[in-house]
Amino acid sequence: MKLSVITVNYNNLYGLRETIMSVTEQTFRDFEYIIVDGNSTDGSKEYITEKNTGLWISEPDSGIYNAMNKGVRMAHGEYCIFMNSGDTFYDRNVLQKVIPLLNGGDFYVGHPMLVKGKKSVRENIPHKMSIGFLLLGSINHQSTFTRTAILKESPYNENYRIVSDWEKFFTEWFLHDRSYIPIDITIAKFRQDGISSSNMKLLLKEKQDVIDRLVPSYLQKGLLLEEDLTPLERKIKKAMSKPPVSRDLKLLRCSLRFLIKDCLHQIKAVFPFFKR
C-alpha cells in the first residue's frame, strides 16, 4: 500500500467531521485511513463508529505527538500524511495528483493554505531547502508526505508539545541527509487556531532548545547560508572580511549607496512626477 492518512483527534467533533469528509471524499481511494482519538467525551468516538472509516482507536494519550506515534505504529502505507481534526485536504483531487509522484524519496512537501478566521493565504514552500529557512520557519506536516519507515525507526519526540514535527524534519534533513522533494501542489487547509499558532513563546523556546541540542553554539552564528542573505547583508559580510581601513571604507560606501537609494525611493513616493 502506498499511503496511510492519519488523523489525530481529541474532543474536536466539529473539526473531526470536516476532516473525515475531506479524506473520504478524495477521488483517489486506494489508501489506508487511521484515526487516533484521545478518549474524547464530546461524541467523537460515536461519530467515528458511525462513519466506519477504517482503522481507529480511542484511548487516553499524553499529547499530540504520543497520538501521532500511535498512528505511525498502526500504519502499513509506504508513506504517511497527518490530517488532524480540523484540517482538510485542499480539494477532492489532491491524492490523485500526488500519489504518482511518491517514488522513493523521504519527504515530499507541498504548499499549505493557512486559514485564520475568514482569511486564507497560500504559504509557498522553498524550491531548495536551507538551514536559514528552517531556523526562521517550518514545513507544514499537513502538507508533507513522509516515508513511514523513517517515523517507525525514529518516532516523534514526545517531550515537546509543539515542535516535534519540525525537529523531526530538521534532524533527518540536516543530520541524516534525507531528501526534500518540493511538489508544486496545494495540499491542505491548515487552521491557525492550535497551540503552535497561539503559544509563540513556547514554540520559540522549544525550537531554540532543539537548535542548542543539535548544533554547537560556535556554529549557530554561521548557519545562514549565502543564498539566505539579502543584498545588503552580502555586502556587509564581504566588507567585514577586509582589513580595518578597507573594511571601514567599504562599509561607508555601502551605507551612502543605500542611503541615496532609500532617499530617492521616498522622494518618488511623495512626488510621483519624479518617476517619469
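Note that this is a predicted model, so its numbers are computed, not measured.

Chemist: Can you explain the packing of helix H1 (residues 13–24) against helix H2 (residues 44–51)? Please cite residues and give values.
Modeler: Closest axis-to-axis distance for the H1/H2 pair is 10 Å, and the angle between their directions is 20 degrees. Between H1 and H2, the crossing angle belongs to the class labelled roughly parallel. Judged by the sense of rotation from one axis to the other, the crossing of H1 with H2 is right-handed. Where H1 approaches H2, its residues Leu13, Leu16, Arg17 and Ile20 are matched on the opposing element by Ser44, Tyr47, Ile48 and Lys51. Classifying every residue of the contact of H1 with H2 by side-chain character gives 5 nonpolar, 1 polar and 2 charged.

Chemist: Just give me the short version of the nonpolar core, but keep the residues and values in it.
Modeler: Judged by nonpolar contacts, the single largest core of 27 residues is most densely connected at Leu3, Val5, Phe89, Leu95, Phe145 and Ile187. Contributions of two or more residues to this core are made by strand E1 (3–9), H1, strand E2 (32–37), H2, strand E4 (79–82), helix H4 (94–98) and strand E9 (180–191). Formed by 21 residues, the second largest nonpolar core is a distinct cluster that contains Phe107, Ile162, Val163 and Leu203.

Chemist: Break down a nonpolar patch on the surface for me, citing the residues and quoting the values.
Modeler: Side chains of Leu252, Leu256 and Leu259 sit close together on the surface and give an oily, nonpolar patch of about 290 Å² of accessible area. Counting through the fold element by element, leucine 259 comes out in helix H12 (residues 244–270).

Chemist: Please set out unusual backbone geometry residue by residue, giving values where relevant.
Modeler: A positive phi is found at asparagine 39, a non-glycine position, where the angle reads about 65 degrees. By the element assignment, asparagine 39 lies in the loop between E2 and H2. Given the relative accessible area of 31%, asparagine 39 is considered partly exposed. Positive phi, normally seen in glycine, also occurs at aspartate 177, with a value near 60 degrees. You can see aspartate 177 is positioned in the loop between helix H7 (164–176) and E9. By relative accessible area, aspartate 177 is classed as exposed at 68%.

Conventions adopted
- All residue numbers here refer to positions counted from 1 along the written sequence of the relevant chain.
- Only residues with pLDDT of 70 or above have their local features reported here, since the model is predicted, and side-chain atom pairs are shown and tallied only from 80 upward, although totals for entire chains, interfaces and linings are computed over all residues.
- Computation of side-chain values covers all heavy atoms of the structure but excludes hydrogens and water.
- Every axis in this analysis is a line fitted to C-alpha atoms, fitted for helices over the stretch in contact. Angles between the N-to-C directions lie between 0 and 180 degrees.
- In this text, helices come from DSSP runs of H or I with a minimum length of four residues, and strands from runs of E with a minimum of two, each type numbered from the N-terminal end.
- Note on angle classes: values under 35 degrees are labelled roughly parallel, values over 145 roughly antiparallel, values of 65 to 115 roughly perpendicular, and the remainder oblique.
- Handedness of a crossing follows from how the near helix is turned relative to the far one, being left-handed for an anticlockwise turn of less than a right angle and right-handed for a clockwise one.
- Should any heavy atoms of two residues lie within 4.5 Å, those residues are considered in contact.
- Residues were grouped as follows: Ala, Val, Leu, Ile, Met, Phe, Trp, Tyr, Cys and Pro as nonpolar; Asp, Glu, Lys and Arg as charged; and all remaining residues, including Gly, as polar.
- In these notes, a set of buried Ala, Val, Leu, Ile, Met, Phe, Trp, Tyr and Cys residues joined through side-chain atoms within 4.5 Å is what counts as a nonpolar core.
- Buried, partly exposed and exposed residues are distinguished by accessible area as a fraction of the type maximum, computed with a 1.4 Å probe on protein chains only: under 20%, between the cut-offs, and over 50%, respectively.
- The patches reported here contain residues having more than 30% relative accessible area and no salt bridge. Joining distances are 9 Å for like charges and 5 Å for nonpolar side chains (Val, Leu, Ile, Met, Phe, Trp, Tyr).
- Computed with a 1.4 Å probe, the accessible areas rest on the Shrake-Rupley method; for each residue, only the protein chains presented here act as cover.
- Basic side-chain nitrogens of Lys or Arg form a salt bridge, by our definition, when they fall within 4 Å of a carboxyl oxygen of Asp or Glu.

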